[in-house]
Amino acid sequence: NAGVTQTPKFQVLKTGQSMTLQCAQDMNHNSMYWYRQDPGMGLRLIYYSASEGTTDKGEVPNGYNVSRLNKREFSLRLESAAPSQTSVYFCASSEAQGWNQPQHFGDGTRLSIL
Amino acid sequence: RKEVEQDPGPFNVPEGATVAFNCTYSNSASQSFFWYRQDCRKEPKLLMSVYSSGNEDGRFTAQLNRASQYISLLIRDSKLSDSATYLCVVKDNDMRFGAGTRLTVKP
């Protein structure tokens, strides 16, 4: 069972470069999420998509854009990468955004920006 | 004040020990609560949901105290394989993650 798949797993960028992180889930979940995880901090929500066709900002959206391409796929784009965006990025999905709906995570993308 | 606070640890315990983690949250309107486990350089994985009446799953017991706004996780008879970081997660409109408590179980 694939669950949530993220690509790439690792990436090094130079400041100012752009890139897109891909995420796909095969659990027929409605809601998808992008988080970043930094040392000593909890996961912080960047953007989420409650359902196909909708996207909303999370706690730390600046410097990022997202696209909910279809029900399965939710991509995160860095238009002009900055060193402060060096982090581990996790994509997650849940059946819905309602109460008591746990999220299932991909295995992360480790991004370094020089 | 952080929205979800956990003791970062590390907790170093021998095999077979009982260990407890606490987590406090700031939003009294929070409705859902979870414990996740995260192994080193891996993704978070759901360990268990936390219900108002408290719940148990094998060696793991979770409790919720709404009045004091904290949740706890008790691990009995610790195994080497329990070594991980345990994330407290509280849901209001969004999922809010604590920074995690690191546990190392030693032989």
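Here the structure is a predicted model, which means the values were calculated and not measured.

What counts, and where the lines are drawn
Residues numbered from 1 in each chain as written. Chains lettered and ligands numbered in written order. Predicted model: local features only at pLDDT ≥ 70, side-chain atom pairs only at ≥ 80, totals over all residues. Heavy atoms only, no water. Helix = DSSP H or I, 4+ residues; strand = E, 2+ residues; numbered from the N terminus. Rg over C-alpha atoms; globule rule 2.2 N^0.38 Å. Buried < 20%, exposed > 50% of the residue type's maximum accessible area, 1.4 Å probe, protein only. Contact = heavy atoms within 4.5 Å. Phe/Tyr/Trp six-rings, centres within 6.5 Å; stacked < 30°, edge-to-face > 60°. Disulfide = S-S within 2.5 Å. Core = buried A, V, L, I, M, F, W, Y, C linked by side-chain atoms within 4.5 Å. Pairing = 2+ DSSP bridges. Axes fitted to C-alpha atoms, helices over the stretch in contact; angles between N-to-C directions.

Caption draft 1: Molecular detail of the overall build of chain B. For chain B, the helix and strand inventory stands at zero helices and eleven strands. When its helices and strands are written in sequence order, chain B yields β-β-β-β-β-β-β-β-β-β-β. Computed over the C-alpha atoms, the radius of gyration of chain B is 13 Å, within 12% of the 13 Å expected from 2.2 N^0.38 for a compact globule of 107 residues. If you line up chain B on its principal axes, its C-alpha atoms span 40 × 30 × 20 Å. Per-residue burial over chain B gives 47% buried out of 107 residues. Considering only residue pairs separated by 6 or more positions, chain B has 56% of its internal contacts joining residues 24 or more positions apart.

Caption draft 2: Representation of the packing of aromatic side chains within the structure. All names here are of chain A. Under the definition given, this model contains 13 aromatic pairs over all chains. For the pair Y33 and Y48, a centre-to-centre distance of 6.4 Å together with 25° between the ring planes defines the contact as stacked. One end of the pair, Y33, is in strand β4 (residues 31–37); the other, Y48, is in strand β5 (residues 44–49), and 15 residues separate them in sequence. Both residues of the pair, Y33 and Y48, count as buried.

Caption draft 3: Fine view of the state of the cysteines. Residues and elements named next belong to chain A. Applying the stated criterion to the full structure yields two disulfides over all chains. The disulfide that involves C23 links it to C91, with 1.9 Å between the sulfurs. The chirality of the disulfide connecting C23 with C91 is left-handed, given an S-S dihedral of about -75°. A residue pair is termed long-range when its members are at least 10 positions apart, and C23 in strand β3 (residues 19–25) and C91 in strand β9 (residues 87–94) qualify at 68 residues. C91 shares its class with C23; the two are buried.

Caption draft 4: How the structure looks around the nonpolar core. Counting residues in each nonpolar core, the largest one holds 23 residues, and the members touching the most others are F21, W35, I71, L73, I75, Y86 and L103 of chain B. Excluding its chain neighbours within four sequence positions, the residues that come into contact with F21 of chain B are F11, W35, I71, S72, L73, I75, Y86, T101 and L103 of chain B. Formed by 20 residues, the second largest nonpolar core is a distinct cluster that contains V4, L21, Y47 and Y89 of chain A.

Caption draft 5: Representation of the pairing of strand β7 (residues 60–65) of chain B. Residue and element names in this part refer to chain B. Sheet topology note: the strand β6 (residues 55–57)/β7 ladder contains three bridges and is antiparallel. The partner of D57 across the bridge, within β7, is F60. What sits between β6 and β7 in their antiparallel hairpin is a turn of two residues, with G58 showing a positive phi close to 65°. Relative to strand β8 (residues 70–75), β7 runs antiparallel, the two sharing six bridges. When the bridges of β8 are listed, Q63 appears paired with S72. The turn joining β7 and β8, which pair antiparallel and follow one another in sequence, is formed by four residues; a positive phi near 60° is taken by Q69.

Caption draft 6: Expanded view of the sheet that holds strand β1 (residues 4–7) of chain A. Residues and elements named next belong to chain A. Strands sit in the order β1-β3-β8-β7 across an open sheet of four strands; the sheet is antiparallel. The open sheet has two free edges, formed respectively by β1 and β7 (64–68), since each of these has just one partner strand. Sheet twist, expressed as the average angle between the axes of neighbouring strands with direction ignored, equals 15°.

Caption draft 7: Geometry of the environment of V50 of chain B. Residue and element names in this part refer to chain B. Its location among the elements puts V50 in strand β5 (residues 44–50). For V50, a relative accessible area of 4% corresponds to the buried category. C-alpha of V50 to C-alpha of A62: the two residues are twelve residues apart in sequence and 5.8 Å apart in space. If near-sequence neighbours (up to four positions away) are discounted, V50 is found in contact with F33, F34, W35, N55, A62, Q63, L64 and I71.

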